[in-house]
Amino acid sequence: MSAASCLRSEDQFLCCICLDVFTDPVTTPCGHNFCKNCITEHWNSNDQYLCLMCKKVFNTRPELHVNTLLSEMVSQFRQEAQQKASSSSSEQQAAKSGEVPCDVCTGTKLKALKSCLVCLTSYCETHLEPHLTVSGLKRHQLMDPVENLEDRMCMKHDKPLELFCKTDQTYVCMLCSVLDHKTHDVVPLKEEYEGKKAELWKTEAEIQQMIQKRQLKIQEIKHSVDFSKEDADREKAEGVQVFIALKESVERSLNELIETIEEKQRTAEKQAEDFIKELEQEISELMKRSSEVEKLSRSEDHLHLLQNFPSLKAAPPTKDWKLVSVRPPSYEGTVVRAVTQLEETLSKEMKKLFEVELKRVQQYAVDVTLDPDTAYFWLILSNDGKQVNDGYLKRNLLDNPERFSYCPCVLGKQSFSSGRFYFEVQVKGKTEWDLGVARESINRKGKITLKPHNGYWTIWLRNGNEYEACAGPGVRLSLKSQPQTVGVFVDYEEGLVSFYDVDAAALIYSFTGCSFTEKLYPYFGPCNNDGGKNSAPLIICPVNQTA
């Protein structure tokens, strides 16, 4: 069977079986023409000898003869087709690497414009023309050119894969649908195609939405980086300013110290010079008197010696130098006083820095309330969930898994698993307390040990004036004043937990390099009542960010 196509719009040269130009056309007794191979294969695969044009049945298999006239006409058409294809091939582009070539072209293979799913052939512009003009070929299904068209044929029945079996999720031909997939849900490929295309559109829309979300996230990250850079630049500028001021203060204190020491030395040197000058003057006077005495003692003039003796007998008046001395200047305390003064200056600068830092962390203030389901049996919580203290009686409460069963403590209702947060607690009037944050999986039954390894990041007060960071081992804290309100700040990603004396605007202690992987809860321990000595409550305060 030839793969060539006709040039003209007439369809009288087409075989109704292969829908292509006749190859070795033969005529049946009823006068209809077919490709010899097409009609022979059809009769070989069927029990009846039927004419596919007029449906006439022959009792015996007819003897087929080549239609000479029709063969000559077909040959002429093929030559004209070849000539037209040759003349137009120079105007069309040859198929490049990766492009689908025309299956009909001889010699240079031109680029295919379409592939026919019925003919299983790809056509260039010239050889595609019959499929656009001939009525029989117009019914063929064309698509964008593809390679390996044989993969679109049923291997079992050698028919086009025109249907889709939803039951087996596979592609089938018409014979498959009535034989192997007779009871299955079979639909045309186009129907399944439209459904899947709609799904792809939906998927595409979802993908575009995901892309947009990620583009927005990129913008958010870039904005965050820009904001972070602005913060970093501002922090560097402020840091440089602070350290320049500190450097100047240190240099100024050093210069003052050196000047004080040098002034003392100059004073000592001046005093010594004055003493030396006075002594040298007395020596000069004494040497003069010594010379006069020596001269008089050698005189042989009795009267002259006796007359001058009274004035030269006694030494000239001089200072009693026994009690006179030049003591080295005393420098004791000079450096200490200078360093103390510098320390006071540094303390003032540090206070300013902590005030700025405290204002910054206060921007992350959150509303925290106490969780009654976690409170120890003896604790009393206020109705608004803002105050807690140790009562005198054990309350009849359900011992649920969240409740502390041994230690007088309670968690906040709110949990945090990212970002930064800050809250303040009044500890005024208490002699003992615990404060900080705890992870969700902490042990709440029996005795607990406050340290990061067990999931607690806390500080405490004991015996009215003993402060300690529960770092495991504990770190004793030396505070200049007793905090009345404690601020707690957490940066989850940074792994930072800091405690502040709000009134003094001072840093109490920081846990750094922490690794948080769970939810964090505010932790409050009012400790035991201690016979009323420690009856004051812990109070969660509103944060005054303008303080």
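This text goes with the structure placed above it.
Keep in mind that what you see is a predicted model, and the values were worked out from it rather than measured. Per chain, residue numbering runs from 1 following the sequence as it is written. In view of the model being predicted, local features appear only for residues whose pLDDT reaches at least 70, and side-chain atom pairs are presented and counted only at 80 or more, with totals across whole chains, interfaces and linings using the full set of residues. In computing side-chain properties, one takes all heavy atoms of the structure into account and sets aside hydrogens as well as water.

Visitor: What should I look at first to understand the sheet that holds strand β11 (residues 186–188) in this one?
Guide: For sheets, the rule is that strands pair by backbone hydrogen bonds, running either parallel or antiparallel. The criterion for strand pairing is that DSSP finds at least two bridges linking the strands in question. To qualify as a helix, a DSSP run of H or I must reach at least 4 residues; to qualify as a strand, a run of E must reach at least 2; elements of each kind are numbered from the N terminus. On the basis of which strands lie adjacent, the open sheet formed by three strands has the order β10-β9-β11 and antiparallel pairing. Bordering the open sheet on either side are β10 (170–172) and β11, each of which pairs with just one other strand. The average angle at which neighbouring strand axes cross in this sheet is 35 degrees, direction not considered. Strand direction decides the pairing type here: strand β9 (residues 163–165) and β11, joined by three bridges, are antiparallel. Looking at β11, one finds that Phe164 is bridged to Val187. Only heavy atoms matter for contacts: two residues are in contact if any of them lie within 4.5 Å across the pair. Fitted lines through C-alpha atoms serve as axes, helices being fitted only where they are in contact, and the angles separating the N-to-C directions of these axes extend from 0 to 180 degrees. Contacts from helix α6 (residues 189–297) reach β9, β10 and β11, with the element oriented near 85 degrees to β11.

Visitor: How should I be thinking about unusual backbone geometry in this particular structure?
Guide: Excluding glycine, most residues fall at negative phi; most peptide bonds, likewise, are trans. Along the chain, Gly472 connects to Pro473 via a cis peptide bond; the corresponding omega equals 5 degrees. Inspection of the secondary structure assignment puts Pro473 in the loop between β18 (466–469) and β19 (475–477). One non-glycine residue, Gln169, adopts positive backbone phi at about 50 degrees. The residue Gln169 is located in the loop between β9 and β10 in this model. Located in the positive-phi region is Ala505, a residue other than glycine, with phi close to 50 degrees. As for its placement among the helices and strands, Ala505 is situated in the loop between β21 (496–501) and β22 (506–511). For the exposure calls, accessible area comes from a 1.4 Å probe over protein chains only, and a residue counts as buried if that area is under 20% of its type's maximum, exposed if over 50%, partly exposed in between. By relative accessible area, Ala505 is classed as buried at 8%.

Visitor: How should the pairing of strand β16 (residues 433–439) be read in this particular structure?
Guide: Residues in a regular strand project their side chains so that they alternate between the two faces of the sheet. Taking burial as the measure, the seven residues of β16 include six buried ones, the bulk of the element. Looking at chain direction, β16 and strand β17 (residues 456–462) are connected through six bridges and run antiparallel. Each residue of the ladder has a partner; that of Ala438, found in β17, is Tyr456. Taken together, the six bridges between β16 and strand β23 (residues 520–525) define a ladder with antiparallel strand orientation. Its bridge partner being in β23, Val437 is matched across the sheet by Pro522.

Visitor: What should I look at first to understand the packing of α6 against helix α8 (residues 334–362) in this one?
Guide: Each pair of packed helices can be summarised by the angle the axes make with each other and by the distance between the axes. Where α6 contacts α8, the two axes come as close as 9 Å, and the packing angle between them is 165 degrees. Taken together, α6 and α8 sit at an angle that is classed as roughly antiparallel. As α6 runs across α8, the sense of the crossing is right-handed. Throughout this description, any angle smaller than 35 degrees is read as roughly parallel, any larger than 145 degrees as roughly antiparallel, any in the 65 to 115 degree range as roughly perpendicular, and the remainder as oblique. By convention, the crossing between two helices is left-handed when the near helix turns anticlockwise from the far helix through less than a right angle, and right-handed when the turn is clockwise.

Visitor: Help me understand α6, please; the structure alone is not making it clear to me.
Guide: Residue pairs three or four apart in sequence face the same way in an α-helix, which turns once every 3.6 residues. With 109 residues, α6 should cover 162 Å at 1.5 Å per step; its first-to-last C-alpha distance of 154 Å lies within 8% of that length. All of the buried residues in α6 are Glu192, Val242, Leu246, Ser249, Ser253, Leu257, Ala268, Ala272, Phe275, Glu282 and Leu296. Those residues of α6 that are buried lie in contact with β9, β11, α7 (302–313) and α8. For a helix, the expected span equals 1.5 Å multiplied by the residue count minus one.

Visitor: Please explain the pattern of salt bridges as it appears in this structure.
Guide: Two side chains with opposite charge may pair up if their charged atoms get near one another. Any carboxyl oxygen of Asp or Glu within 4 Å of a side-chain nitrogen of Lys or Arg constitutes a salt bridge here. Going through the model one piece at a time under the given rule, you end up with 21 salt bridges. As a salt-bridge pair, Asp231 and Arg234 come within 2.3 Å of each other at their nearest N and O atoms. A residue pair is termed a helical-turn pair when its members lie 3 or 4 positions apart in one helix, as Asp231 and Arg234 do in helix α6 at three residues. You can call Asp231 partly exposed: its relative accessible area is 26%. You can call Arg234 partly exposed: its relative accessible area is 40%.

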